Amino acid sequence: MDIIKELFSVILDRQKNPEEGSYTNYLLGKGTEKISKKVGEEAVETAIAAAKGNKSEVIAEIADLEYHVLVLMADMGITLEDVEKELRSRR
């Protein structure tokens, strides 16, 4: 899942080096509440797409959900390693 690491790295870079017109910077600027709402919205859209049985739509919605979760992680100072550690502890 190198693309997840790459995307998270870009998000962290935007956090440190904002870019004009960046959607990531827009979200980070709005704060945790806005980011959390987007995560919830994308989760619902993913579930609806799955219920409709549209695989390509589900894939697209999962990608949106993963992106927004990564932005939330960056906002809250959570690393990929933190999540990996938690997942390993549950295995």
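Since the structure is predicted, the reported quantities are computational estimates derived from the model, not experimental observations.

A. Just the overall build of the protein chain, in detail. Each helix and strand counted, the protein chain has five helices and zero strands in total. Listing each helix as α and each strand as β along the protein chain from the N terminus yields α-α-α-α-α. Seen along its three principal axes, the alpha-carbon backbone of the protein chain occupies a region of about 40 × 35 × 25 Å. Going through the 91 residues of the protein chain one by one, you find that 29% of them count as buried. Expressed as a percentage of contacts within the protein chain between residues at least 6 apart in sequence, the contacts between residues at least 24 apart total 57%. Here the protein chain displays about 6,400 Å² of accessible surface, and carbon together with sulfur accounts for 55% of that area. Side chains of the protein chain carry 13 positive and 18 negative charges; the gap between the two charge centres is 4 Å.

B. Structural context of the pattern of salt bridges. Enumeration over the complete set of coordinates arrives at seven salt bridges. Between R14 and E19 there is a salt bridge; the shortest N-O distance is 3.5 Å. Between E86 and R90 there is a salt bridge, with its nearest N and O atoms 3.0 Å apart. In this pair, E86 and R90 both sit in helix α5 (residues 80–90), four residues apart, roughly one turn of the helix. On the basis of relative accessible area, E86 is assigned to the partly exposed category, the value being 39%. Exposure remark for R90: the relative accessible area of 64% places this residue in the exposed category. Here the salt bridges do not stand alone but share partners, grouping K38, E41 and E42 into one network.

C. Structural context of the packing of helix α2 (residues 23–30) against helix α3 (residues 32–52). With their axes 5 Å apart at the nearest point, α2 and α3 run at an angle of 120° to one another. Between α2 and α3, the angle falls in the class oblique. Across from Y23, Y26, L27, L28 and K30 in α2, the residues of α3 making contact are T32, K34, I35 and K38.

The rules behind these values
Residues numbered from 1 in each chain as written. Predicted model: local features only at pLDDT ≥ 70, side-chain atom pairs only at ≥ 80, totals over all residues. Heavy atoms only, no water. Helix = DSSP H or I, 4+ residues; strand = E, 2+ residues; numbered from the N terminus. Buried < 20%, exposed > 50% of the residue type's maximum accessible area, 1.4 Å probe, protein only. Contact = heavy atoms within 4.5 Å. Areas by Shrake-Rupley, 256 points an atom, 1.4 Å probe, with all protein chains shown as cover. Lys, Arg positive; Asp, Glu negative; His and termini not counted. Charge placed at Lys NZ, Arg CZ, Asp CG, Glu CD. Salt bridge = Lys/Arg side-chain N within 4 Å of Asp/Glu carboxyl O. Axes fitted to C-alpha atoms, helices over the stretch in contact; angles between N-to-C directions. Parallel < 35°, antiparallel > 145°, perpendicular 65-115°, else oblique.

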